Each structure stands twice: as C-alpha cells, then as structure tokens.
Amino acid sequence: MHAIGVDIGGTKIAIGVVDEAGRILAQVRRDTDPDDVASIDRAIADACTELGKEYEIGAIGVAAAGFVSADRTSVQFAPNIAWREYPLARKVAELVDLDVSVVVENDANAAGWAEFRFGAGRDATDMLMLTIGTGLGGAVVVDRELVRGRWGVAAEVGHMRVVPGGHYCGCGHEGCWEQYASGTALVRDAKAAVVALPHKSARLLELAAGDRKKIKGPHVTQAAQEGDELAVELMAKLGRWIGEGAASVAALLDPELIVIGGGVAEAGDLLLLPAREGYESQLSALGHRPVARIELAEQGNEAGIVGAADLARR
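Okay, so let's go over this structure. (Residues numbered from 1 in each chain as written. Predicted model: local features only at pLDDT ≥ 70, side-chain atom pairs only at ≥ 80, totals over all residues. Heavy atoms only, no water.)

Quick look at the nonpolar core
The tendency in soluble globular proteins is for nonpolar side chains to be buried side by side.
Reasoning step 1: Within the largest apolar cluster, 42 residues are counted, with the highest numbers of intra-cluster contacts made by Leu-130, Val-220, Ile-242, Ile-260 and Tyr-279.
Reasoning step 2: Mapped onto this core, the elements with two or more residues apiece are strand E9 (127-132), strand E10 (136-142), helix H4 (183-196), helix H5 (202-207), helix H6 (217-225), helix H7 (229-253), strand E12 (257-261) and helix H8 (269-282).
Reasoning step 3: When near neighbours in sequence (up to four residues on either side) are disregarded, Ile-260 contacts Leu-130, Ile-132, Ile-242, Ala-265, Leu-271, Leu-272, Ala-275, Ile-294, Glu-295, Leu-296 and Ala-297.
Reasoning step 4: Residues Val-6, Ile-40, Ala-64 and Val-75 belong to the second largest nonpolar core, which totals 33 residues. (Core = buried A, V, L, I, M, F, W, Y, C linked by side-chain atoms within 4.5 Å. Buried < 20%, exposed > 50% of the residue type's maximum accessible area, 1.4 Å probe, protein only. Helix = DSSP H or I, 4+ residues; strand = E, 2+ residues; numbered from the N terminus. Contact = heavy atoms within 4.5 Å.)

Structure below.
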C-alpha cells in the first residue's frame with residue numbers, strides 16, 4: 001500500500017508518495033506561512049489530492065515539529081508554527097479529496113522511524129536517533145517499537161537539563177542539551193570564537209564575507225572539512241556535547257545504536273569521532289558492558305517523508 005508522507009518545515013512543506021519499501025515514488029513541495037495555519041492545511045490537502053490522482057493512496061502521515069497528542073491527531077504546541085491544541089489531522093482530512101486516514105507524528109519521531117526501518121537502524125532492535133539542526137530532536141525505539149510516552153511527547157531529549165544556570169532555551173528553561181548540541185550552539189560558539197581568537201578566525205570570516213554576524217553552520221562545516229584549525233575544534237566541541245549527552249540517555253535506555261542526523265551530520269568523522277569519544281568518556285561501567293555504536297543517518301532530508309508515511313500505515 002502506498003502512503004503519503006508530509007514533512008512540515010517553517011516555510012516549506014515536502015510531500016511524497018512512499019511505497020512499502022520506503023522508496024519515494026513522487027514528491028512535491030509547497031511554500032507556507034508559519035503564522036497562517038489554515039494555509040498550511042490547504043497546501044497539504046492540495047498536494048495530497050494532486051498526488052492521489054496518480055497513485056493509489058491508503059494513508060497520509062504528517063510530520064510536524066512540536067508536541068503531538070498521544071492519539072496522533074493534534075499538535076498541542078509548536079515552537080515555530082502557530083499551532084496550539086490544533087486538530088491538524090481533522091483539518092487536513094476535511095480538505096483532502098481522498099478517503100483515507102490522516103495521522104500526525106512528531107517530525108523527529110518520523111525521521112527516526114525512517115532510519116530504523118530503512119536506514120542506519122534497520123538491523124537494530126533498540127535505537128536512539130538524534131536530529132541535530134537548529135535544535136536537537138530525538139526519537140527512541142525500544143524492542144522495535146517507537147516510544148511515544150503516555151501523552152505523546154516522549155524523546156524530547158533536547159530539553160534534558162545538562163547545565164544548571166546555562167544558556168536560555170526557547171522552551172522557557174535554561175541549560176537544555178540542545179543549547180550545547182545543535183547547529184544553533186555551533187554558530188553561537190563560532191561567532192564568539194572569532195572575537196576571542198582572531199588569529200585563528202581568518203577562514204571562517206572569509207566564508208562569511210568578513211561579517212562575524214553572518215557565520216552559519218555550513219561555513220563551520222566547510223572550514224572544518226578543509227582542515228581549518230578553529231573549525232575543527234568547534235566541530236569537536238559539538239561532537240563531545242552530543243556524545244556526553246547521549247551517555248546520559250544510555251543510562252536510562254541502553255540503546256545498541258545511536259544515529260546522528262540533521263544538517264551538521266554532513267561533517268562526518270569530524271563530528272562522529274569526537275561524539276564517540278565523548279560518549280565513552282561519560283558511559284557508566286565502561287569496560288563491563290557493550291558500547292553502543294554511533295553512526296550517521298542514511299535517509300537524509302527525505303527521512304521525515306518516509307517515516308511519516310510508514311507510520312501512517314501502522
């Protein structure tokens with residue numbers, strides 16, 4: 001049975017038809033306004049109706065960045081889109097010209113499920129997925145089942161408190177893990193390093209056209225891949241934060257595999273090796289237990305589409 005997966009971003013929506021093997025057969029994109037939730041509903045429904053004319057569709061899965069209700073129908077809260085207790089599944093179902101079920105999934109859960117089913121985790125039974133982007137998203141699979149929690153908001157690992165009195169977080173608290181293990185943290189540290197270490201900052205400034213305020217994550221990644229000393233150090237710091245935090249999660253869940261995805265994963269071993277070192281440095285009973293593998297995600301930017309579609313079938 002084909003299913004449609006919808007991955008909602010802040011300004012764009014990607015919608016694709018996915019077969020049972022996780023292959024995307026067709027895909028379209030729509031621009032959206034995060035402050036106009038009705039326009040998002042219409043864009044999703046129009047795209048799904050369009051794809052439904054070419055393919056037989058059995059279900060629609062919608063991946064949304066936010067807290068999703070346990071019954072997979074509503075977005076209770078979203079940081080970047082104006083959803084508050086919003087019945088997204090019903091709104092889309094009312095507009096789409098297809099007689100199919102619509103379910104909503106957290107976007108990190110959807111991406112994690114895609115990796116578990118069709119990517120780096122396909123041979124695992126217990127997996128932690130970390131999506132390192134603007135923030136830090138998480139997905140947890142235990143005994144081949146996605147862990148959603150009683151109220152649907154499990155695996156928000158980015159909001160574990162790791163530094164008391166630390167950097168303020170968009171969730172309203174301070175010291176959250178995502179303030180130290182995210183693309184946002186990487187950029188913040190890079191901008192600070194340019195001021196503190198001007199003798200090491202030439203390449204980063206060059207990539208940012210000479211303006212410290214314009215430094216972005218891809219600039220740090222590119223400079224690190226070129227061997228720039230400061231960028232390599234910044235990437236290693238980020239990797240250590242990822243690994244050390246993952247060790248705390250392992251104390252609770254004991255996964256066999258930790259998968260790192262998101263934009264910064266493009267740095268490859270420059271991120272992966274420090275993450276593995278940080279993980280082992282903080283893992284309890286090291287030497288007396290198996291150590292989880294830490295690998296890069298394989299599904300790329302399409303993970304949300306693939307995971308949402310596959311979960312919609314279940």
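Considering the pairing of E10
Reasoning step 1: For E10, the buried fraction is high: six of the seven residues fall into the buried class.
Reasoning step 2: Where E10 meets strand E11 (residues 145-146), two bridges bridge the pair, whose relative direction is antiparallel. Note that in E11 the partner of Val-141 across the bridge is Leu-146.
Reasoning step 3: Two successive antiparallel strands, E10 and E11, enclose a turn made up of two residues, where Asp-143 displays a positive phi of approximately 50°. (Pairing = 2+ DSSP bridges.)

Quick word on the sheet that holds E10
Reasoning step 1: Taking strand neighbours across the sheet as the criterion, the five strands line up as E11-E10-E9-E12-E13 in an open arrangement whose pairing is mixed. Each edge of the open sheet is held by one strand with a lone partner, namely E11 and strand E13 (293-296).
Reasoning step 2: The pairing of E12 with E13 spans four bridges and is parallel. Of the residues in E13, the one forming a bridge with Ile-260 is Leu-296.
Reasoning step 3: Across the sheet, helix H3 (residues 107-118) lies against E9, E10, E11 and E12, angled at about 50° from E10, the strand it touches most. (Axes fitted to C-alpha atoms, helices over the stretch in contact; angles between N-to-C directions.)

A few points about the sheet that holds strand E2 (residues 12-18)
Reasoning step 1: Spatially, the five strands line up as an open sheet ordered E3-E2-E1-E4-E8, and their pairing is mixed. Where the open sheet ends on each side, the last strands, each with one partner, are strand E3 (24-31) and strand E8 (101-106). Here the strands of the sheet are splayed against their neighbours by 20° on average, with no regard to which way each runs.
Reasoning step 2: Inspection of the sheet shows strand E4 (residues 57-64) paired to E8 by six bridges, in the parallel sense. Across the sheet, Gly-61 pairs through a bridge with Val-103, a residue of E8.
Reasoning step 3: Those strands touched by helix H1 (residues 37-52) are strand E1 (2-8), E2, E3 and E4, and its axis lies near 25° from that of E2.

Let's talk about unusual backbone geometry
Reasoning step 1: Positive phi, normally seen in glycine, also occurs at Arg-144, with a value near 70°.
Reasoning step 2: With respect to the element layout, Arg-144 can be found in the loop between E10 and E11.
Reasoning step 3: The class for Arg-144 is partly exposed, based on a relative accessible area of 43%.

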